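Residues per chain, in single letters:
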Amino acid sequence: MVKLNVNIGNLKLKNPVMTASGTFGYGTEYSDFIDLSKLGGIIVKGTTLAPRQGNPYPRMAETPSGMLNAVGLQNKGVDHFVEKIYPQIKDLDTAVVVNVSGSTIEDYVAVAEKINALDNIPAIELNISCPNVKEGGMAFGTSPRSVENVVKAVRQAYNKTLIVKLSPNVTDITEIARAAEAEGADSLSLINTMLGMAIDAERRRPLLSTVTGGLSGACVKPVALRMVWQVSKSVKVPLIGLGGIMNATDAVEFLLAGASAVQIGTANFIDPQISVKVAEGIEEYLVRQGCHSVQEIIGGLIL
Amino acid sequence: MKKAVIDMSVTANLSVNNRCVLLKLTPADGSILPECKPGQFVEMLVEGEPKAFLRRPISINYVDKDNNELWLLIQMVGAGTNKLSKAAVGDIINIIYPLGNGFTMPLEPNKKVLLVGGGVGVAPLLMLGDELKKAGHTPIFLLGARTKTDLLLLDQFNSISTTYVTTEDASEGEKGFVTQHSVLQKESFDFIYCCGPGPMMKAVAQYASKVAIECEVSLENKMACGIGACLCCVENTTKGNVCVCKEGPVFNIKKLQW
């Protein structure tokens, strides 16, 4: 029997596989396909203080081994989440984490406070890395000073596990990671999407209504893996790795690079059962490698 | 209707014209194909084609219950559909099925309904026409294309019911667009269903509004997941941005901001 459970701060996961925000709805969208209780956790869609309609269509463009999106945090707001969504998912037998987004520090704090009051939400993921909103989002995550300010403010308002989601669109991700850790983040998740662009040459027009968008999918994995590796050398808090994980081997690579858990994102769109398959595949890998616990491979890269 | 990921075995790949094939598929494990409704769609996995990262959403063309076969009309528009169109008998194609909501069937009996299709958008109208007829309604098809060879599955439509045709170059049927066909002047209808290129559907919707006939259209916004998770395929409706894959793909035109 292989031990698959991991702890992220006080957040206990039965296995290291979570689903990434914005790719898994509120979990219920996938309940026809998988047993959600087989997941380590679910990170629900980015939630803001006020409802948001998101960006105009078109919001998506397929790219080689990946896709660009410019959804722009479409969601019905935190009050709708608390009243309508939370009752439907609070008894799921998996860790449900809320991704918290905002355009001002006050917004982030207000949402975090409302989520703090929900007994069955053990953690939030602070989204300071969304590339698709005009105000806030990534702007908070690209300078150490602004990261310090927002993490500090949310830390004071929120007393459960605080995960900070980092943007790859920075010169040195380790200084951002250290800033978040210094202000009390319990964990860091990385990476959010990479800013990208696609053009229809015949029409001479951008493929996204917003011109630029966030790149995800298999094509970003080498960058994500490198960043997890670099950050794991720079901070002590546990990391959650994501970015282009398409199968169990990809997930194992993130664990070896130093992540304590992983998130499956864009791969959910291609195979709605992939998250559970990855969890099973990690277990098979551990058995094959003669390991008794997933802990044995976290940061286990041999140099 | 519960959605499922199913491995399908290709039983036939029939050439329809030079850029379109009809794939017939049956569950690879021999199980009975679950129920679906006209207007629903599938997400097809494309394997072995690096340029096709995401699944391809394809309308359900027809379900042949006698042979336990799902029919999908594939028009070659890019790397993904090109690859799918080359499937050989016996190949396995993974699909997510059935997705979205279908067309609304008339609540009252004996309705005369018009089914307007353009290009590969005729696909869902075959099953819809068949089910309307079996339910005792009178479906009339009105199909448009640029030229004769772009008219797809005409024989199948004709075998179900009266089929009118327009082509832009007058190579078959009346010359012009579907909204210019004389049948619209000569006959009256209780309901219009429409699937085709955006400008065609907007013209049909405009016509339906003008003559005050209920009308449903099937949209094909670019999508990723097909199950309402990624929020990419949104259409701006009277309820704001909603996912075409989950709230649609069929919409009553009153709900659209057209």
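Keep in mind it's a predicted model, so treat the numbers as computed, not measured.

Conventions adopted
Residues numbered from 1 in each chain as written. Chains lettered and ligands numbered in written order. Predicted model: local features only at pLDDT ≥ 70, side-chain atom pairs only at ≥ 80, totals over all residues. Heavy atoms only, no water. Contact = heavy atoms within 4.5 Å. Buried area = accessible area lost by both parts, 1.4 Å probe. Salt bridge = Lys/Arg side-chain N within 4 Å of Asp/Glu carboxyl O. Axes fitted to C-alpha atoms, helices over the stretch in contact; angles between N-to-C directions. Helix = DSSP H or I, 4+ residues; strand = E, 2+ residues; numbered from the N terminus. Parallel < 35°, antiparallel > 145°, perpendicular 65-115°, else oblique. Left-handed = near helix turned anticlockwise from the far one by under 90°. Nonpolar A, V, L, I, M, F, W, Y, C, P; charged D, E, K, R; others polar. Phe/Tyr/Trp six-rings, centres within 6.5 Å; stacked < 30°, edge-to-face > 60°. Buried < 20%, exposed > 50% of the residue type's maximum accessible area, 1.4 Å probe, protein only. Lys NZ or Arg CZ within 6 Å of the ring centre and 35° of its normal. Polar contact = N/O pair within 3.5 Å; in protein donor to acceptor, adjacent residues only side chain to side chain. Domains from an automatic or database assignment. Patch = residues over 30% accessible without salt bridge, like charges linked within 9 Å, V, L, I, M, F, W, Y side chains within 5 Å. Areas by Shrake-Rupley, 256 points an atom, 1.4 Å probe, with all protein chains shown as cover. Lys, Arg positive; Asp, Glu negative; His and termini not counted. Charge placed at Lys NZ, Arg CZ, Asp CG, Glu CD. Pairing = 2+ DSSP bridges.

**Details of the interface of chain A and chain B**
Stage number 1. Contacts between chain A and chain B engage 33 residues on the former and 30 residues on the latter.
Stage number 2. Summing the contributions of chain A and of chain B, the shared interface buries around 2,600 Å²; its carbon and sulfur component is 60%.
Stage number 3. Applying the counting rule to chain A against chain B returns 2 salt bridges.
Stage number 4. Here Glu62 of chain A ties to Arg56 of chain B by a salt bridge, and the two come within 2.8 Å at their closest N and O atoms.

**A look at the packing of helix 1 (residues 78–89) of chain A against helix 2 (residues 105–116) of chain A**
All names here are of chain A.
Stage number 1. Look at helix 1 against helix 2: their axes get within 10 Å of each other, and the N-to-C directions meet at 15°. Between helix 1 and helix 2, the crossing angle belongs to the class labelled roughly parallel. Between helix 1 and helix 2 lies a crossing whose hand is right-handed. Of the residues in helix 2, those touching helix 1 at Val78, Asp79 and Phe81 are Val111, Lys114 and Ile115.
Stage number 2. Residue classes in the contact of helix 1 with helix 2 are distributed as 4 nonpolar, no polar and 2 charged.

**Observations concerning the packing of aromatic side chains**
Note on aromatic pairs: each is described by the distance of the centres and the angle between the planes.
Stage number 1. A full pass over the atoms with the stated rule returns 8 aromatic pairs over all chains.
Stage number 2. Arranged with centres 6.5 Å apart and planes meeting at 65°, the rings of Tyr30 of chain A and Phe33 of chain A form a pair that is edge-to-face. Comparing Tyr30 of chain A with Phe33 of chain A shows no difference in burial state: the two are buried.
Stage number 3. The interplanar angle of 90° and the centroid separation of 5.2 Å between the aromatic rings of Tyr108 of chain A and Phe140 of chain A together place this pair among those described as edge-to-face. Of this pair, Tyr108 of chain A sits in helix 2 while Phe140 of chain A is found in helix 3 (residues 138–141), placing the two residues 32 residues apart along the sequence. The two residues Tyr108 of chain A and Phe140 of chain A agree in class, both being buried.
Stage number 4. Every member of this aromatic cluster is reached through a ring pair, and the members are Phe24, Tyr30 and Phe33 of chain A.
Stage number 5. Here the basic side chain of Lys112 of chain B rests over the ring of Phe189 of chain B, its NZ or CZ set 5.3 Å away from the ring centre.

**Re the side chain of Lys221 of chain A**
Stage number 1. Its place among the elements puts Lys221 of chain A in helix 6 (residues 221–232).
Stage number 2. One polar contact links Lys221 of chain A to Glu253 of chain A, side chain to side chain, over a distance of 2.7 Å.

**Things to note about the domain arrangement of chain B**
A common measure of how large an interface is: the accessible area buried when the components associate.
All names here are of chain B.
Stage number 1. Here the domain parsing of chain B yields domain 1 (4–99), domain 2 (103–218) and domain 3 (220–258).
Stage number 2. Computed over C-alpha atoms, the centres of domain 2 and domain 3 are 22 Å apart.
Stage number 3. Counting residues at the interface gives 11 residues for domain 2 and 9 residues for domain 3.
Stage number 4. Between domain 2 and domain 3 the total buried area reaches about 920 Å² when both faces are included, carbon and sulfur atoms providing 62% of it.

**A few points about the environment of Glu108 of chain B**
Residues and elements named next belong to chain B.
Stage number 1. One can find Glu108 in the loop between strand 7 (92–99) and strand 8 (112–118).
Stage number 2. Residues Glu108 and Cys243, 135 residues apart in the sequence, show an inter-C-alpha distance of 29 Å.
Stage number 3. For Glu108, the side chain forms a polar contact with the side chain of Lys111, separated by 3.2 Å.

**Focus on a positive patch on the surface**
Stage number 1. A cluster of like positive charges, contributed by Lys76 of chain A together with Lys239, Lys246 and Lys255 of chain B, occupies part of the molecular surface.
Stage number 2. Within the secondary structure, Lys246 of chain B sits in helix 6 (residues 244–247).

**Let's talk about the sheet that holds strand 7 of chain B**
Residue and element names in this part refer to chain B.
Stage number 1. Spatially, the 7 strands line up as an open sheet ordered 4-3-7-1-2-6-5, and their pairing is antiparallel. Two strands lie at the open edges of the sheet, namely strand 4 (56–59) and strand 5 (62–64), each paired on one side alone. Taking each pair of neighbouring strands and ignoring which way they run, the sheet shows an average axis angle of 40°.
Stage number 2. Set on the sheet, helix 2 (residues 123–134) makes contact with strand 4, strand 5 and strand 6 (69–75); between it and strand 5 the angle comes to about 60°.

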